[in-house]
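This is what each chain is made of:
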Amino acid sequence: MSNDAATAIPAVDGPQQELPDHGIGASLPSADARAKAEGTFPYASDLWAEGLLWAAVLRSPHAHARVVSIDTSAAVEMPGVRAVVTHADVPGNATYGRSVADRPVFAADLVRHHGEAIAAVAADHPDTARLAAAAIAVEYEVLEPVTDPEKAFAAPPLHPDGNLIRHIPLRYGDPEATGEVIVEGLYRIGRQDPAPIGAEAGLAVPRPDGGVEIYTASTDPHTDRDLAAACFGLSPDQVKVVVTGVPGAMGDREDPGFQIPLGLLALRTGCPVKLAATREESFLGHAHRHPTLLRYRHHADAEGRLIKVEAQILLDAGAYAEASSESLAAAVAFACGPYVVPHAFVEGWAVRTNNPPSGHVRGEGAMQVCAAYEAQMDKLAARLGMDPAELRLRNVLATGDILPTGQTVTCPAPVAELLRAVRDAPLPPLPKDSPEDDWLLPGGPEGAGEPGAVRRGVGYAVGMVHMLGAEGTDEVSTATVKVQDGVATVICAAVETGQGFSTLARQIVQETLGIDEVHVASVDTDQPPAGPATHGRHTWVSGGAVERAAKMVRTQLLQPLAHKFGMSTELLQIADGKITSYDGVLSTTVMEALDGKELWATAQCRPHPTEPLDDAGQGDAFVGLAFCAIRAVVDVDIELGAVRVVDMAVAQDVGRILNPAQLATRIEAGVTQGIGAALTENLRTARGLVRHPDLTGYALPTSLDAPDIRIVKLVEERDVVAPFGAKAASAVPVVTSPAAVASAVRAATGRPVNRLPIRPQAAVAVPTA
């Protein structure tokens, strides 16, 4: 991986241009980069308040059980304990959920997954709180868990809403169509955890008016506020969520299941209450990527052109609905991948089980199907005796093609260009071309493998994701830009989760107003809502709102000058802190034009609407799409099954490069997360119980595991309906890289590799006769 983010950005078409030092296109560093690097940045776990109490949550040790009784008397009587709350103490709604309110704050009659919250305690010391939680006596009647999603259809209902969350049947084309060549496959995708390095934490402070303020690393503060207020029995204006210290997010960063007990304890005690989850609590409490079972049948003609795709997709939602409906829609809609398919018939289901809840994780739905359809393309290439890259090139989507949902691809879709770029990129040298002691064997420098057992494989994958919400989601964001004393301030409730929104907002204002010093205000729910930090929303919707507000301020700034010189504001330009007219008559600085004035404007951005998929899986469900192609090179010890990723060549359509350094970092991080899903990350369960809920048992890739990640091409073809023409950058490499790694392992071993993460036995080559 490149140590210099700027050098990781290749030249787009044409000669390399010198990058600006501010505004759009500059590699402007994050404002909090120094504090984070020095360890002085205040994360949510660092919060403190006078008279602080500590919270602990009692969680179920069972995956499925009936709650016979809960006795809190021993905990209440412990010295230092100030409050104990259970389901009986929830004054408002007993359940919550972002899409479906089906998840209880505390289990009442039934426990539906391992780690479900039973009660919460507030005490004057964290150890006391945990001891008191452990002292709560719960009598369970253990029930047989339903952990196989295929068995959930016929199993007794696990929830009053039933076991089936959603079924989407997609019908496109002629069901009788068939191809000369047919390949089939069965694929399984494991449970990937977001595994935030900073576990969930927060502080709740009661207010004199009977409300409460919650300080936490929320990525969707207004929704979290509304959910919490409903459970507290309060109006939304009595609850304030203040976003603080977000240490990065891969989807939903802070589950309301951590925040709501915290607020209840603060309201009950009248004191500030802090919760800092342990790593085990973090694994048990938040949502994970949907484990998925996929069955595929691809039909093609003798030249390798796709005729029909048939698929069945089953998402394991775990105990509650969470984001399963949205994930299923993406999985079904993208089941054929970025390929032209004249006929497609897909059945998709999301079902409840007694496994841990699944929800938003970057590229949800799209990642699982990408691994399956790309495995099918490899099978098809092998059956036809074709080069895998060439087979893909014969079938790729382009602008103007139609998705199996009936939606026309109106955005730039340079899939062929991306695939050619990675195919034609130079390959890394073979081990024989470098000294053996510099060759990293699979399994590491001290691995047990022998060089003679190592085989190199090259594999390809192309992936796609949708941007913004889908299926009729009302996407809107509001931003205010203020200028006073030569300093600009951006007020927008878009949470900075590491995606770079705060830096982008500064760049937008610098570009539009010619003011270098720009601050982005901290986020809380007193500001107008901006929506969740998912699917590249804030680059598009919140960035668009900031741009519109800044342009309104620009007009306020230029109007007096334009009036004075008898010209329109369109004839004036701002660059490098100066205002000039087209004819050179007017030339002044932005600071002189401001002349102590205070200017401000508020604006909204709302993309064009979408619609839900109908009963045949048809509809214009997505605002925009982003694409990526990756070529993976791996070394596999075919005797031990150990895999080392040597090189990842990435080509991506980004619309427009807004910040080269940030873009390179986002792509590299996405590829690395995908490598984790391909090789190591699997939150394993046994009869619904999470095994090894820690960072020892759950193997995250580190910098030592990251291969050379080379961004060989970035296509800057602007999406005309998106502000700045930019596209979401980080989700699509996560979606594509696991499929590319699996493809390369297939090439090295000749094995089908139909499960992610790839197990060692799946990478052991079959002996030839």
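Placed above this text is the structure.
If you're wondering where the values come from, they're calculated on a predicted model, not measured in any experiment.

Visitor: Just to check I follow, could you spell out the sheet that holds strand S14 (residues 273-276) for this structure?
Guide: Within the open sheet, the seven strands sit side by side as S3-S7-S1-S14-S11-S12-S13. Their pairing is mixed. Strand pairing shows two members of the sheet lacking a second neighbour, strand S3 (81-85) and strand S13 (239-243), which therefore form its edges. On average, each strand axis in the sheet is inclined to that of its neighbour by 20 degrees, with strand direction left out of account. As paired elements, S3 and strand S7 (residues 117-123) share four bridges and run antiparallel to each other. Directly across from Val 85, in S7, lies its bridge partner Ala 120.

Visitor: What am I meant to see in the packing of aromatic side chains here?
Guide: For the structure shown, the criterion picks out six aromatic pairs. Here Phe 153 and Trp 349 contribute two aromatic rings whose centre-to-centre distance is 5.9 Å and whose plane-to-plane angle is 85 degrees, an arrangement assigned as edge-to-face. Placement of Phe 153 in the loop between strand S8 (137-142) and strand S9 (164-172) and of Trp 349 in strand S17 (residues 343-352) is noted, with a sequence separation of 196 residues between them. Against the face of Phe 41 rests Lys 36, its NZ or CZ located 4.8 Å from the ring centre. Positioned over the ring face of Phe 258 is Arg 59, at 5.2 Å from the centre of the ring.

Visitor: Explanation requested: the pattern of salt bridges in the structure shown.
Guide: Should their charged atoms come close, side chains of opposite charge can pair. Under the definition given, this model contains 36 salt bridges. Between Arg 225 and Asp 226 there is a salt bridge whose closest N-O contact spans 3.0 Å. Of the residues examined, Arg 225 reaches a relative accessible area of 16% and is grouped as buried. Look at Asp 226 and you get partly exposed, because its relative accessible area is 36%. Between Arg 631 and Asp 647 there is a salt bridge, with the nearest N and O atoms lying 4.0 Å from each other. Of this pair, Arg 631 sits in strand S26 (residues 622-637) while Asp 647 sits in strand S27 (residues 643-653); the two residues are 16 residues apart in sequence, bridging distant segments of the chain. Taking the relative accessible area as the measure of exposure, Asp 647 reaches 2% and is therefore buried. Salt bridges sharing common partners tie together Glu 374, Asp 378, Arg 392 and Arg 746.

Visitor: It is not clear to me how the side chain of Gln 618 should be interpreted in this structure. Could you clarify?
Guide: Locating Gln 618 in the fold gives a position in the loop between strand S25 (599-605) and S26. One polar contact links the side chain of Gln 618 to the main-chain carbonyl oxygen of Pro 404, over a distance of 2.8 Å. In this structure the side chain of Gln 618 is engaged in a polar contact, spanning 3.3 Å, whose partner is the backbone nitrogen of Gly 406. With sequence-adjacent residues up to four places away left out, Gln 618 is seen in contact with Leu 170, Arg 171, Tyr 172, Pro 404, Thr 405, Gly 406, Pro 612 and Leu 613.

Visitor: Can you help me understand the sheet that holds strand S20 (residues 487-492) in this one?
Guide: Strands sit in the order S21-S20-S19-S25 across an open sheet of four strands; the sheet is mixed. In this open sheet, the two strands that pair with only one neighbour each are strand S21 (518-520) and S25. Along the sheet, successive strands turn relative to each other by an average axial angle of 20 degrees, direction set aside. Strands in contact with helix H11 (residues 501-513) are strand S19 (477-484), S20 and S21; relative to S21, the strand with the most contacts, it is inclined by about 145 degrees. Lying on the sheet, helix H12 (residues 537-565) is in contact with S19, S20 and S25; it crosses S25 at an angle near 145 degrees.

Visitor: Before we go on, may I ask you to explain the nonpolar core in this structure?
Guide: For soluble globular proteins, the rule of thumb is that nonpolar side chains tend to be buried together. Judged by nonpolar contacts, the single largest core of 109 residues is most densely connected at Tyr 296 and Val 741. For this core, the element with the most residues is helix H8 (residues 366-384), which contributes eleven residues. Non-local contacts of Val 741, meaning those with residues more than four positions away in its chain, are made with Ala 632, Val 634, Val 645, Met 648, Ile 675, Ala 678, Leu 679 and Ile 758. Judged by nonpolar contacts, the second largest core, of 61 residues, contains Cys 492, Ile 515, Cys 605 and Phe 724.

Visitor: What exactly am I supposed to notice about unusual backbone geometry here?
Guide: Comment: phi is negative for the bulk of residues other than glycine, and the bulk of peptide bonds are trans. Omega for the peptide link from Leu 756 to Pro 757 comes to 0 degrees, which places this bond in the cis form. Relative to the helices and strands, Pro 757 resides in the segment after strand S31 (755-756). Phi at Asp 576 is positive, roughly 55 degrees, even though this residue is not glycine. Considering the arrangement of structural elements, one finds Asp 576 in the loop between strand S22 (572-575) and strand S23 (578-581).

Cut-offs used in this document
Residues numbered from 1 in each chain as written. Predicted model: local features only at pLDDT ≥ 70, side-chain atom pairs only at ≥ 80, totals over all residues. Heavy atoms only, no water. Pairing = 2+ DSSP bridges. Helix = DSSP H or I, 4+ residues; strand = E, 2+ residues; numbered from the N terminus. Axes fitted to C-alpha atoms, helices over the stretch in contact; angles between N-to-C directions. Phe/Tyr/Trp six-rings, centres within 6.5 Å; stacked < 30°, edge-to-face > 60°. Lys NZ or Arg CZ within 6 Å of the ring centre and 35° of its normal. Salt bridge = Lys/Arg side-chain N within 4 Å of Asp/Glu carboxyl O. Buried < 20%, exposed > 50% of the residue type's maximum accessible area, 1.4 Å probe, protein only. Polar contact = N/O pair within 3.5 Å; in protein donor to acceptor, adjacent residues only side chain to side chain. Contact = heavy atoms within 4.5 Å. Core = buried A, V, L, I, M, F, W, Y, C linked by side-chain atoms within 4.5 Å.

Distances and angles like these do not, on their own, reveal function.
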